[in-house]
Amino acid sequence: MAERDAGESDHTTASPQNDLRSVLVTSVLNLEELDVDLYRGTHHWVPRSQRLFGGQIVGQALVAAAKSVGDNLFAHSLHCYFVRAGDPKVPVLYQVERTRDGRSFAVRSVKAVQHGQPILTCQASFHMQQPSPLQHQFTMPQVPQPEDLLTVEELIHLYLSKPDLAEKSKQGLNKLLANEVPIEIKPVNPPHSFTRAASEPRKLFWVRARGHIGEGNMKLHCCVAAYVSDFALLGTALLPYPNHRAHFSASLDHAMWFHSTFRADEWMLYECESPWAGGSRALIQGRLWRRDGVLAASCSQEGVLRVKEVTESSKL
Ligand SMILES: CCCCCC/C=C\CCCCCCCC(=O)SCCNC(=O)CCNC(=O)[C@H](O)C(C)(C)COP(=O)(O)OP(=O)(O)OC[C@H]1O[C@@H](n2cnc3c(N)ncnc32)[C@H](O)[C@@H]1OP(=O)(O)O
C-alpha cells in the first residue's frame, strides 16, 4: 500500500474553448425541480436492452439528493437497488426524503419512480471535509497513458477494416458505433480482433465524460462518476466465458464510495474485477483512479447474468 497524496492533483485540464460542455451536465444530470424535494429527469442515451441505463438513474438520484444538502457537505457514499426496469418512453421522478441532518453527516433517501412504482431506491450520505492523520490507499496499476491508446470508436474502425470480418460481426460493430454514449473510453488491453479469447475477470480502461464540465462543483463530478461507474462494470464477469453470451443482464444493486477530489471530465483509470459469479449472478468491484495515482472512488455491484452457450455457427 502507498501513502495517499492528500494534495490537489496536477491535472491537465480540458480546455472549455476547444470542448463543448458535457451533455451529462447540460441535459442528463440537469434535473427539473417540480416541487420541494421532487425532481424530474430525462434520458439521453438508452442501451439496446431498451431499459434505462442504471448509471443514469443512479447519477440522477445523487443529483436530487445533493440538492438538499449544504455546500459544506460532499457525497461520500451511496447504496442503491434497481428494483424495476426503467421505461425509456417516460421521464423519471425523484422523491427525496431528508432522513437525517447531523453535525458532520447528512443522509438522504431517494426513490426514483415511473408509472407510480419505484424503479430505484437509493440512500446517499454526505460528509463535511475533515482532516485526519489516518490516510492510506492501494497503489494504482501501472498502465499505458491514455494518449498512447485508442478509443473504443477507433478500435471498432480498426476491426471493421479487417478484410476477413464476418458480415454479422460487421453489423454488430456498426450498431455499437451508432451509440451516442456521453463518455469516452480507451481500453488498456483491447483484443486484437473482434473475436475474444477467455481471460481473467478483470479489465482496465481510461474513461472520462465527453465534453467539458469544469472544476469547482465536486458534487456534480461525483454524480457524473456515478453515471460512468455502471457503464462497463457487469461485462467484466463475462470475460472468462467467450463461448457464452448474456441473453439477459441487468445490474441489481450498486454501491459507491467517494474518496478524493477529482474531475470526471479528465481521464481516470477504471479498474474492474469480478471476484465471484454463480447462481446467475455476479459480483463486480471497481476502482476509479485519478491519473496522478490518487484513488478517487470505489464501487461494488451485483448483477443478474443469464447466459447461453454460443455455438460456432451462431458466432459467424
Ligand atoms: C462506441 C461506444 C460503444 C458502446 C456501446 C454500448 C455498449 C454496451 C452498453 C453497456 C450497457 C451498460 C448496461 C449497464 C447495466 C444496466 O444499466 S442494467 C439497468 C439497470 N438495472 C435494471 O434495470 C434492473 C431492474 N430490476 C429488474 O428489472 C428486476 O428487479 C429484475 C428483472 C432483476 C427482477 O427479476 P424478477 O424478480 O425475476 O422479475 P420478473 O419481473 O418476474 O422477471 C423479469 C424477466 O426475467 C424473466 N425471468 C425471471 N426469472 C427467470 C428465471 N429464473 N429464468 C429465466 N428467466 C427468468 C421473466 O420471465 C421476465 O422476462 P420478460 O420480461 O417477461 O421477458
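Residues numbered from 1 in each chain as written. Predicted model: local features only at pLDDT ≥ 70, side-chain atom pairs only at ≥ 80, totals over all residues. Heavy atoms only, no water.

Focus on the overall build of the protein
- If you tally the helices and strands in the protein, you get 6 helices and 12 strands.
- Compactness check: the protein gives a C-alpha radius of gyration of 20 Å against a globular reference of 20 Å for 316 residues, within 12% of the reference.
- Each principal axis of the C-alpha distribution contributes one length, and for the protein these read about 60 × 45 × 45 Å.
- For the protein, buried positions account for 47% of its 316 residues.
- Looking at the protein alone, contacts between residues at least 24 apart form 74% of all its contacts between residues at least 6 apart.
- With the model as given, the accessible surface of the protein reaches about 16,300 Å², and the carbon-plus-sulfur share is 51%.
- Taking the 33 positively charged and 33 negatively charged side chains of the protein as two groups, their mean positions are separated by 7 Å. (Helix = DSSP H or I, 4+ residues; strand = E, 2+ residues; numbered from the N terminus. Rg over C-alpha atoms; globule rule 2.2 N^0.38 Å. Buried < 20%, exposed > 50% of the residue type's maximum accessible area, 1.4 Å probe, protein only. Contact = heavy atoms within 4.5 Å. Areas by Shrake-Rupley, 256 points an atom, 1.4 Å probe, with all protein chains shown as cover. Lys, Arg positive; Asp, Glu negative; His and termini not counted. Charge placed at Lys NZ, Arg CZ, Asp CG, Glu CD.)

Observations concerning the pattern of salt bridges
- Counting across every chain of the model gives 15 salt bridges.
- Between D37 and R98 there is a salt bridge, with its nearest N and O atoms 2.8 Å apart. Here D37 is found in the loop between β1 (32-35) and β2 (38-41), whereas its partner R98 is found in strand β4 (residues 92-101), with 61 residues between them in sequence.
- Bridged by salt links that share partners, the residues R202, E271, E273 and R287 form one connected network. (Salt bridge = Lys/Arg side-chain N within 4 Å of Asp/Glu carboxyl O.)

Comments concerning the sheet that holds strand β11 (residues 281-290)
- Taken together, the 12 strands give an open sheet; going across it, the order is β1-β2-β4-β5-β6-β3-β9-β12-β11-β10-β8-β7, and neighbouring strands pair in antiparallel fashion. Edge strands, defined here as strands with exactly one partner in the open sheet, are β1 and β7 (183-187). Taking the axes of each pair of neighbouring strands and ignoring which way they run, one obtains an average angle of 30 degrees across the sheet.
- Sheet analysis places strand β3 (residues 73-82) next to strand β6 (residues 117-128), joined by 9 bridges and oriented antiparallel. Across the sheet, L73 pairs through a bridge with M128, a residue of β6.
- Lying over the sheet, helix α5 (residues 218-229) contacts β3, β6, β7, β8 (202-209), β9 (244-258), β10 (268-278), β11 and β12 (295-309), oriented at roughly 160 degrees with respect to β9. (Pairing = 2+ DSSP bridges. Axes fitted to C-alpha atoms, helices over the stretch in contact; angles between N-to-C directions.)

What to know about the packing of aromatic side chains
- Under the defined criterion, the tally for this structure stands at 5 aromatic pairs.
- A network of ring pairs unites the aromatic residues W45, F53, Y227 and F231 as a single cluster.
- Here the basic side chain of K219 rests over the ring of F74, its NZ or CZ set 5.9 Å away from the ring centre.
- A cation over an aromatic ring shows up here: R291 above the ring of W206, its NZ or CZ 5.8 Å from the ring centre. (Phe/Tyr/Trp six-rings, centres within 6.5 Å; stacked < 30°, edge-to-face > 60°. Lys NZ or Arg CZ within 6 Å of the ring centre and 35° of its normal.)

Remarks on the site of the ligand
- In the region of the ligand, 19 residues are neighbours, and R51, G54, V83, S251 and R306 sit closest.
- Here an oxygen atom of the ligand sits 2.8 Å away from a polar atom, N or O, in the side chain of R51.
- D230 has a polar side-chain atom sitting 3.4 Å from an oxygen atom of the ligand.
- Burial of the ligand by the protein amounts to 54% of the accessible area it has alone, namely 1,300 Å².
- Among the residues forming the shell around the ligand, the class breakdown is 11 nonpolar, 3 polar and 5 charged. (Near = heavy atom within 4 Å. Polar contact = N/O pair within 3.5 Å; in protein donor to acceptor, adjacent residues only side chain to side chain. Nonpolar A, V, L, I, M, F, W, Y, C, P; charged D, E, K, R; others polar.)

Overview of unusual backbone geometry
- For D37, which is not glycine, the phi dihedral falls at a positive 60 degrees.
- Phi angles above zero are rare outside glycine, and H115 is one such case at about 50 degrees.
- Relative to the elements of secondary structure, H115 occurs in the loop between β5 (105-114) and β6.
- Classification of H115 by relative accessible area gives exposed; the value is 58%.

Things to note about the pairing of β8
- Relative to β8, β7 is paired through 5 bridges, and the arrangement is antiparallel. Bridged to I185 within β8 is V207.
- Sheet topology places β8 next to β10; 6 bridges connect them, and they run antiparallel. Each residue of the ladder has a partner; that of R202, found in β10, is E273.

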